[in-house]
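# Chains, contacts and geometry: an overview
So the chains spell out like this:
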Amino acid sequence: MKKAILTAVAASSLVACTSVESAVVSGAEISANGGEAVAVIQANALGLTAIFHIVDLVQSDLDTVVNKLLVAEAKAMGATKLDLKGAGTTPRHGIFALAGGIIGVTSSSAMGVAVK
């Protein structure tokens, strides 16, 4: 039984992924609050949960996509700030927990404009 659980966790870790896409833009053509636009950035993360979204096998939440992916990419592109345009994640509480079942897939995404 322990071997089956270990195999399931190992296989599930191969399914989860993150993705960051960016496009360099001209500050004269794209307006941003508080400075000159450098790039438009989008970040996505897929995760896996178990037992009605109670146990995170692979983490996917707003903290991951905003702080670890979006802000990190903006700083790597030379921006000092990020103008967050939108963010969303799979609901996990209340009636939405039933969608988690034994193994559930969660998704989180965020987009913003990197600003100098």
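Residues numbered from 1 in each chain as written. Predicted model: local features only at pLDDT ≥ 70, side-chain atom pairs only at ≥ 80, totals over all residues. Heavy atoms only, no water.

### So, the pattern of salt bridges
Summed over the entire model, instances satisfying the criterion amount to 2 salt bridges. A salt bridge links Arg92 to Asp56, with the nearest nitrogen and oxygen atoms 2.8 Å apart. Taken together, the residues Arg92 in the loop between β5 (81–89) and β6 (103–115) and Asp56 in strand β4 (residues 55–58) connect sequence positions 36 residues apart. A relative accessible area of 16% means that Arg92 is categorised as buried. Overall, Asp56 belongs to the partly exposed group, its relative accessible area being 39%. Of the charged contacts, one joins Lys85 and Asp83 as a salt bridge, the two residues approaching to 3.0 Å between their closest N and O atoms. Note on Asp83: relative accessible area 12%, which makes it buried. (Salt bridge = Lys/Arg side-chain N within 4 Å of Asp/Glu carboxyl O. Helix = DSSP H or I, 4+ residues; strand = E, 2+ residues; numbered from the N terminus. Buried < 20%, exposed > 50% of the residue type's maximum accessible area, 1.4 Å probe, protein only.)

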